[in-house]
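Structural features, examined
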Amino acid sequence: MKKLRVGVIGLGIGQVHITGYLSHPGAEVVALADMNKDRLQTVADKFKVAKRYISAREMLDKEGLDVVSIATPNKFHKPLALAAFKAGCHVLCEKPMAMSAADGREMISASKKAGKRLMIDFSTRFTDQSWSLKKEVEAGVLGDIYFARTVWHRRRGIPGFGGWFGQKALAGGGPLIDLGVHRLDLALWLMNYPKPEWVMGSAYNKIAAALAKKEGKAFDVEDLAAGFVKFKNGASLEVEASWAANIAEREFMETRLYGTKGGLVQRNIGEGYNSEAEIFLEREGGQFDMKFHSPVRSMKGAMHHFITCIQDKTPHMATGEEGLIVMELLDAIYLSARKGVPVKIK
Ligand SMILES: NC(=O)c1ccc[n+]([C@@H]2O[C@H](COP(=O)([O-])OP(=O)(O)OC[C@H]3O[C@@H](n4cnc5c(N)ncnc54)[C@H](O)[C@@H]3O)[C@@H](O)[C@H]2O)c1
């Protein structure tokens, strides 16, 4: 089968995309784009990619690409996705999908118009552990899931303090749109993406604002946000995210699901990026704990999955439509936080 020609835009986390594509025999990374010339040269040299572009649009015009990864600051996700669809490419876009649900809708309609795929890099799903948990939930082990709590907090961990992550005009929001999206997607995916109905949210900028003032840095997003979501099926979910909070852990991630037959937790170990998972059951009056130990299969990551699905003409996971539900929740949490009232999602 002919190899798919891949281009990657934005070479921070975009380097993880390159590695992901290189792991697939059906893909070749033929071109890279980054506005930062030094980074472009360094990364292109490292991965031995010959075609290098300062302008992503020029790359899209000239390279006849089949697949494009977008891994730039959030503000550029939508315009670059629209340009990529126009150039006839399938798009794998970094999370968050966009700056707002309205932008996300435009991306989905452009993908439909072009007849090309749109996938969002909700990378937390693409691990053996998450996949095993999903299989247990699908087998009905938890029964009816009626509550979830999904969080990612940092004691002090503002990415690139003073840079684009902390600027609303470039990022759209703070830790909720950055970290919260991962934990939200994980919980929603495990719950089979129930339709949200009502949202209540709060957002604060207490610790980072003081730090930014002291250090003369730009920072106009929240440093902590929380949301409570009520779904149409009666279930509810609580999401929390922060980059600066007075907690014990350097980094704390946890997703819990509460079901009629069982409960589930996935949480990080040792304040790092590896995680453990357990399922809690009651059977015939006895209470059992089921601990995840080792993978039963090997997930190869979002990029590998995307290429396989394109080649096999099978549906891919982490669709634009799921990305849009996450964006609708974020919009509603931020709006509720601003207005101080619950927000209804149509
Ligand atoms: N899935 C994950 O786990 C994960 C992890 C980190 C970041 N992200 C997401 O990836 C995106 C990028 O984050 P990052 O940490 O790599 O940021 P970064 O600032 O390290 O890198 C972004 C790169 O994009 C380049 N760039 C900016 N605008 C561009 C444009 N218009 N055309 C071409 N290049 C452009 C910059 O020069 C920079 O090199 C963000 O949306 C972020 O939320 C996802």
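The shown structure was predicted, so the numbers you read here are calculated from the model rather than taken from an experiment.

Criteria and cut-off values
Numbers given to residues run from 1 along each chain, matching the order in which its sequence is written. The predicted origin of the model limits local features to residues at a pLDDT of at least 70 and limits the giving and counting of side-chain atom pairs to 80 or more, whereas totals for whole chains, interfaces and linings rest on all residues. Just so you know, side-chain values use all the structure's heavy atoms and leave hydrogens and water out. The term salt bridge refers to a side-chain nitrogen of Lys or Arg lying within 4 Å of a carboxyl oxygen of Asp or Glu. Comment: elements are numbered from the N terminus, with helices defined as DSSP H or I runs of at least four residues and strands as E runs of at least two. Here the term buried applies to any residue with accessible area under 20% of the maximum for its type, exposed to any over 50%, and partly exposed to those in between, with areas from a 1.4 Å probe on protein chains only. By convention in these notes, a residue is near a molecule or strand provided one of its non-hydrogen atoms lies within 4 Å of it. Any N or O atom pair separated by 3.5 Å or less is treated as a polar contact, with the protein-specific requirement of one donor-capable and one acceptor-capable atom, and with residues adjacent in sequence counted only for side-chain atom pairs. For accessible areas, the Shrake-Rupley method is used with a probe of radius 1.4 Å. Any residue's cover is judged against the shown protein chains and nothing else. Segmentation of the chain into domains, including their bounds, is taken from an automatic or database domain assignment. Between any two strands, at least two bridges found by DSSP are needed for them to pair. Note on geometry: axes are lines fitted to C-alpha atoms, helical ones only across the stretch in contact, with angles between N-to-C directions running from 0 to 180 degrees.

Section: the pattern of salt bridges
- Enumeration over the complete set of coordinates arrives at 23 salt bridges.
- In this structure, the salt-bridge partner of E322 is R125, at a minimum N-O distance of 2.8 Å. Placement of E322 in helix α11 (residues 320-339) and of R125 in the loop between β6 (118-121) and α6 (128-138) is noted, with a sequence separation of 197 residues between them.
- Judged by its relative accessible area of 1%, R125 is buried.
- A salt bridge links E278 to R267, with the nearest nitrogen and oxygen atoms 3.2 Å apart. Residue E278 is located in strand β13 (residues 275-283), and its partner R267 is located in strand β12 (residues 262-268); the two are separated by 11 residues in the primary sequence.
- If you follow the salt bridges from partner to partner, you end up with R149, E238, E240, E254, R256, R267, E276, E278 and K291 in one network.

A look at the site of the ligand
- The environment of the ligand is made up of 23 residues, and the closest members are I13, D34, R39, N74 and W164.
- Contact between the ligand and T72: an oxygen atom at 3.2 Å from a main-chain N or O atom of the residue.
- One of the side-chain N or O atoms of H77 is found 3.0 Å from an oxygen atom in the ligand.
- Isolated, the ligand exposes 850 Å² of accessible area, and the fraction of that covered by the protein chains is 82%.
- When we break the shell around the ligand down by domain, the ones giving at least three residues each are domain 1 (4-121 + 301-317) and domain 2 (125-297).

Overview of the sheet that holds β6
- Ordered in space as β3-β2-β1-β4-β5-β6, the 6 strands form an open sheet in which the pairing is parallel. Edge positions in the open sheet fall to β3 (51-53) and β6, since each of these has one partner strand only. Going from strand to strand, the sheet's axes swing by 25° on average, the running direction of each strand aside.
- Inspection of the sheet shows strand β1 (residues 4-9) paired to strand β4 (residues 67-70) by 4 bridges, in the parallel sense. Within the sheet, the bridge partner assigned to V8 lies in β4 and is S69.

Some points on the pairing of strand β5 (residues 90-94)
- Within β5, 5 of the 5 residues are buried, which leaves the element mostly enclosed by the surrounding structure.
- Both faces of β5 are covered, namely the face carrying H90, L92 and E94 and the face carrying V91 and C93.
- Relative to β5, β4 is paired through 4 bridges, and the arrangement is parallel. When the sheet's bridge partners are listed, I70 is paired in β5 with C93.

In short, geometric facts, not functional conclusions.
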